[in-house]
Amino acid sequence: MNPHVARLYHLAQQPSRRIAGLMSGTSLDGLDVALCRLHGHGPGTRLELEEFATVPYSDEVRHRIRQVFARPQVSLEYLTLLHPWLGRLHADMVLDCLHAWQVPPAAVDLLASHGQTVFHAPHHQHQQPDFQGQNATLQLGDGDQLAIRTGIITLSDFRQKHVAAGGEGAPLATYGDYLLLSSLTEARVLLNLGGIANFTFLPCLQNDVLPIFSTDTGPANTLLDSAIRSHRPELVYDEGGQLAATGQVHAGLLTALLDHPFFAAPLPKTTGPELFSAAYLLQAQELSGTLALGLEDLLATLTELSATSVSRALQQAFGPVPALAVYVSGGGAHNATLLAALQRKLSFCRLVSTDLLGVPPDAKEAVLFALLANESVAGTPTQLHAAGAPAVLCGKISLPA
Ligand SMILES: Nc1ncnc2c1ncn2[C@@H]1O[C@H](COP(=O)(O)OP(=O)(O)OP(=O)(O)O)[C@@H](O)[C@H]1O
Ligand SMILES: CC(=O)N[C@H]1[C@@H]2OC[C@@H](O2)[C@@H](O)[C@@H]1O[C@H](C)C(=O)O
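Predicted model only: the values in this text are computed from it and were never measured. (Residues numbered from 1 in each chain as written. Chains lettered and ligands numbered in written order. Predicted model: local features only at pLDDT ≥ 70, side-chain atom pairs only at ≥ 80, totals over all residues. Heavy atoms only, no water.)

**Digging into the domain arrangement of the chain**
It is common to report an interface's size as the accessible area lost on association of the parts. As a reminder of what qualifies: Each domain span listed reflects an automatic or database assignment of domains. Whether two residues touch is decided by their heavy atoms; if any such pair falls within 4.5 Å, the residues are in contact. Once two parts are brought into contact, the accessible area they lose, counted with a 1.4 Å probe and summed over both, makes up the buried area. By salt bridge we mean one thing: a side-chain nitrogen of Lys or Arg within 4 Å of a carboxyl oxygen of Asp or Glu. Helix and strand definitions here come from DSSP, where helices need a minimum of 4 consecutive H or I residues and strands a minimum of 2 consecutive E residues; each element is numbered from the N-terminal end. Three categories are distinguished: nonpolar for Ala, Val, Leu, Ile, Met, Phe, Trp, Tyr, Cys and Pro, charged for Asp, Glu, Lys and Arg, and polar for the others, with Gly belonging to the last.
Annotation of the chain at the domain level lists domain 1 (3–172 + 363–398) and domain 2 (182–357). Relative placement of domain 1 and domain 2: their C-alpha centres are 24 Å apart. Taken together, the contact pairs 21 residues of domain 1 with 27 residues of domain 2. Summed over both sides, the interface of domain 1 with domain 2 buries roughly 1800 Å², with 56% coming from carbon and sulfur. Seen at the junction of domain 1 and domain 2, the total is 0 salt bridges. At the level of secondary structure, the elements contributing two or more residues to the side of domain 1 that touches domain 2 comprise strand 4 (110–121) and helix 13 (364–378). The residue makeup of the side of domain 1 that touches domain 2, split by class, is 10 nonpolar, 7 polar and 4 charged.

**Here we look at the site of ligand 1**
This is how it is decided: Whether a residue is near a molecule or strand depends on its heavy atoms: if one lies within 4 Å, it is near. N or O atoms within 3.5 Å of each other form a polar contact, as long as, within protein, one can give a hydrogen and the other can take it, and as long as residues adjacent in sequence are counted only when both atoms are side-chain atoms. A 1.4 Å probe and the Shrake-Rupley method give the accessible areas. Residues count as covered only by the protein chains that appear here.
Taken together, 20 residues form the shell around ligand 1, and within it Thr26, Ser27, Asp225, Gly240 and Gly331 come nearest. Contact distances for ligand 1 include 3.1 Å between a nitrogen atom and a side-chain N or O atom of glutamate 239. When ligand 1 is considered free in solution it has 650 Å² of accessible area, and contact with the protein chains removes 90% of it. The residue inventory of the shell around ligand 1, partitioned by class, reads 3 nonpolar, 12 polar and 5 charged.

**What to know about the site of ligand 2**
In the vicinity of ligand 2 lie 13 residues, with Thr117, Arg159, Leu172, Ala173 and Asp216 positioned nearest. Threonine 117 is positioned such that a nitrogen or oxygen atom in its side chain is 2.6 Å from an oxygen atom of ligand 2. In isolation ligand 2 exposes 440 Å². Once the protein is present, 97% of that is buried. Mapped by element, the contributors of at least two residues to the shell around ligand 2 are strand 4 and strand 8 (196–202). Element by element, the count of residues in the shell around ligand 2 is highest for strand 4, at 3 residues. Considering only residue class, the shell around ligand 2 consists of 5 nonpolar, 5 polar and 3 charged. Counting residues domain by domain, the shell around ligand 2 receives three or more from each of domain 1 (3–172 + 363–398) and domain 2 (182–357).

**Observations concerning the packing of aromatic side chains**
For clarity, the cut-off: Paired rings are identified among Phe, Tyr and Trp, the last through its six-membered ring, by centres lying within 6.5 Å, and are further divided according to the angle between planes into stacked (under 30 degrees), edge-to-face (over 60) and tilted (the rest). The classification of residues rests on relative accessible area computed with a 1.4 Å probe and restricted to protein chains. Under 20% of the type maximum is buried, over 50% is exposed, and intermediate values are partly exposed.
Following the criterion strictly, the structure yields 9 aromatic pairs and no others. When the centroid spacing of 4.9 Å and the interplanar angle of 70° are considered together, the rings of phenylalanine 201 and phenylalanine 318 count as edge-to-face. Of this pair, phenylalanine 201 sits in strand 8 while phenylalanine 318 sits in helix 11 (residues 295–318), and the two are 117 residues apart along the sequence. Here phenylalanine 201 matches phenylalanine 318 in class, with each residue buried. For the ring pair phenylalanine 262 and phenylalanine 276, a centre distance of 5.6 Å and an interplane angle of 80° mean the geometry is edge-to-face. Remark: phenylalanine 276 occurs in the loop between helix 9 (251–258) and helix 10 (278–288) and phenylalanine 262 occurs in the loop between helix 9 and helix 10; sequence separation between them is 14 residues. On the basis of relative accessibility, which here comes to 1%, the residue phenylalanine 276 falls in the buried class. Through a chain of ring-to-ring contacts, the aromatic side chains of Phe199, Phe201, Phe213 and Phe318 assemble into a single cluster.

**Points about helix 2 (residues 59–66)**
Test applied: An arc is given here, and it is the one of the directions from the helix axis to the C-beta atoms.
Listed as buried for helix 2 are Val61, Arg62 and Ile65. The arc that holds the buried residues of helix 2, viewed along the axis, is 100°, so those residues lie on one side. Contacts from the buried residues of helix 2 go to helix 3 (76–100) and strand 4.

**Some points on the pattern of salt bridges**
Across all of its chains, the model carries 12 salt bridges by this definition. A salt bridge links arginine 188 to glutamate 186; the nearest nitrogen and oxygen atoms lie 2.5 Å apart. Grouping residues by exposure puts arginine 188 and glutamate 186 together as buried. For glutamate 304, the salt bridge identified is with lysine 345, shortest N-O distance 3.1 Å. In this pair, glutamate 304 is assigned in helix 11 and lysine 345 in helix 12 (residues 336–345), connecting sequence segments 41 residues apart.

**Regarding the sheet that holds strand 9 (residues 213–219)**
Heads up, the rule is: When DSSP finds two or more bridges between a pair of strands, those strands are recorded as paired. Lines fitted to C-alpha atoms define the axes here, with helix axes fitted over just the stretch in contact, and angles between the N-to-C directions of these axes take values from 0 to 180 degrees.
Sheet architecture is open: 5 strands sit in the order 9-8-7-10-11, paired in mixed fashion. Sheet topology places strand 9 and strand 11 (350–353) at the edges, where each strand pairs with a single neighbour. Between one strand axis and the next, the sheet turns by 25° as a mean value, whatever way the strands run. Relative to strand 10 (residues 325–329), strand 7 (residues 188–193) runs parallel, the two sharing 5 bridges. Counted as the bridge partner of arginine 188 is alanine 325 from strand 10. Strand contacts of helix 12: strand 7, strand 10 and strand 11, with the helix running at about 145° to strand 7, the strand carrying the most contacts.

Here it is, written out as structure tokens:
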């Protein structure tokens, strides 16, 4: 037997596994590496987050990814070369983290690598008549590169199973949130404010009959970041939302932005920077006569857009939003202006950080992929009472030899 297959078989039967979850999201800020010890599998899985780091992308890395990122037309040659190159880059970033943490690669059981989403094409968003009704999503960073370079068995390409099972390839947060963060006594919303915002609704396990579900809601930071990039290229983002806090929301621009049919489409739904792009913003500015709007007012309006689209999606799900506990994660959890706008709109809800549940907000998505890999190796297929449920055992396995 291939010794790596034997190791996988052995790992699947252990009471716990040490898994490094890797996530590089749509903001292109870097690679999140979460070294996790996962005890058990399925309901009752217990997580210990041993180490966490975000390895920032250099300008050069961001530049290379942007050659293809969310672009309908790219050089096929460039794309082909980027796939293994990113896999190698991520492998080296993982090795650097392990070295800094004094953890030998042989002491890590699995890598769970999300890869870099470069194009998300749910059926309602792409314009290809030959593929009407078809969902697709593409992540780069070949898992074989990670396995060969680190010597660690690697799971990658998690979203394809979801597409194959009829989903849009996202959000995958549903199952991980359910396993780790469900409560017997409290209905919860897990709100992630990354480039794109998404939430998972977790009903109270004891007595709630509502289904679990996850959905994207629209932009969180992606348009804020692109406004900063074009007006203040020396800044990476608007620290704490301080510039936005000094601006005024422009009602006309906000209306033009909210006019997009995505916001009224039924839940669950997914999206990406392919839709919420500079072109989308430009069109709304042209329509509302706000091309000359100053940066502060633009940021204030885009912050309001993010908060409004999250609260609208919650209203779509629940009608008047009940007094829910909303646990916030992602980079937007550091944006006080965005959080204040959200709290104003969700006045009955308690908005707090996922830190309160033992998951640091910046680590949550990387942890999610460690959980998904743990299920794929040790778990059994489970039917969730979930709307738009993902295929729960997902990811492709790359062996180091
Ligand atoms: N201190 C801060 N103040 C304001 N905004 C911040 C701060 N830290 C991070 N952000 C915002 O959060 C973004 C990164 O968030 P995150 O890493 O959660 O996104 P992502 O995982 O790349 O996106 P997605 O979840 O959509 O794939 C940054 O680009 C920035 O806009
Ligand atoms: C295609 C893709 O990469 N989607 C991401 C993105 O970032 C946030 C939102 O859009 C979410 O749907 C998803 O990631 C999280 C981890 C998910 O699948 O749950």
